Amino acid sequence: FNAEVLFNNLAVLTIPQINKTLSKPYKTKSTNTLFNNKVKNYFYILQQSNLSSYLAGLIESDGSIITPSENIKSYKPFFEIVFHIEDILLAEIIQLNIGGIIYNKGENYCVLMIKKQKDVIKIIHLINGFMMGVRRPKIEALHRMINWCNNHQFGIKPGTEIIPFGLDLSPLQDNNWLSGFIDGD
């Protein structure tokens, strides 16, 4: 697996391309400075190589890593990330870059569900080795998912198994993990 190839395959989207799919079009001359700054921050994070640490922080904060039991064949592993409804723009930008479907769950929140095999594998590759372990069960859940995918050849060819990496022990100021974690909470 080559992380550089994965990052190069992420969409580098322009504002007009994003506006075609977003629920709230981004306007460059918006009078809402807070909204403008938030959007610029999202674009910056998603266009940098720190996407892995940001996404790992977001999933550790408000995400779920769902892996079926070994004996259950009818379910597949998937990721869920919960967003406050005011952060639906972030959910949409991640959806454009990684995949998934956004479900509105009431007035206050929405959920980005990533279930497609290629998208699940993409996220595994992105966040593997970038989790800080603040919520220890999340890295254990990621390792269970990796093992399940390897054992069931879920998007993985024989001989190309994913190796579960440990915690990211780098200083917080060297990556975007904390930004993702805070955006989630």
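Keep in mind it's a predicted model, so treat the numbers as computed, not measured. (Residues numbered from 1 in each chain as written. Predicted model: local features only at pLDDT ≥ 70, side-chain atom pairs only at ≥ 80, totals over all residues. Heavy atoms only, no water.)

Caption draft 1: Representation of the packing of aromatic side chains in the model. A complete count under the given rule lists 2 aromatic pairs for this structure. On the numbers, 5.7 Å between centres and 70 degrees between planes, the contact of Trp148 with Phe154 is edge-to-face. The class for Trp148 is buried, based on a relative accessible area of 3%. Relative accessible area serves as the criterion here: at 7%, Phe154 is assigned to the buried category. (Phe/Tyr/Trp six-rings, centres within 6.5 Å; stacked < 30°, edge-to-face > 60°. Buried < 20%, exposed > 50% of the residue type's maximum accessible area, 1.4 Å probe, protein only.)

Caption draft 2: Inspection of the sheet that holds strand β1 (residues 63-66) at higher detail. Pairing is antiparallel across the open sheet formed by 4 strands, whose spatial order is β1-β2-β4-β3. Each edge of the open sheet is held by one strand with a lone partner, namely β1 and β3 (101-104). Direction aside, neighbouring strands of the sheet carry axes that sit 20 degrees apart on average. In this structure, β1 lies alongside strand β2 (residues 78-84), joined through 4 bridges in antiparallel fashion. Across the sheet, Ser64 pairs through a bridge with Glu80, a residue of β2. Each of β2, β3 and β4 (109-114) is contacted by helix α5 (residues 88-98), which is oriented at about 160 degrees to β3, the strand it contacts most. Contacting β1 and β2, helix α7 (residues 136-152) crosses the sheet at an angle of about 35 degrees to β1. (Pairing = 2+ DSSP bridges. Helix = DSSP H or I, 4+ residues; strand = E, 2+ residues; numbered from the N terminus. Axes fitted to C-alpha atoms, helices over the stretch in contact; angles between N-to-C directions. Contact = heavy atoms within 4.5 Å.)

Caption draft 3: Molecular detail of unusual backbone geometry. Phi is positive for Gln153, which is not a glycine, with a value near 50 degrees. The topology assignment puts Gln153 in the loop between α7 and α8 (177-184). Among the residues examined, Gln153 registers a relative accessible area of 48% and is labelled partly exposed.

Caption draft 4: Quick look at the environment of Leu167. Along the chain, the position of Leu167 falls in the loop between α7 and α8. Using a relative accessible area of 29% as the deciding quantity, one classes Leu167 as partly exposed. Sequence-wise, Leu167 and Met131 are 36 residues apart; in three dimensions their C-alpha atoms are separated by 5.4 Å. In this structure Leu167 touches Gly129, Met131, Met132, Gly133, Arg136 and Ile139, once residues within four positions along its chain are discounted.

Caption draft 5: Geometry of the confidence of the model for the protein chain. Taken as a whole, the protein chain shows an average pLDDT of 78; of its residues, 72% reach a score of 70 or greater. Per-residue pLDDT stays below 50 along residues 1-16; that stretch engages in 22 contacts with residues further than four places along the chain or on separate chains. The low-confidence segment residues 25-32 (pLDDT under 50) makes 13 contacts with residues lying over four places distant or belonging to another chain. (pLDDT = per-residue confidence, 0-100.)

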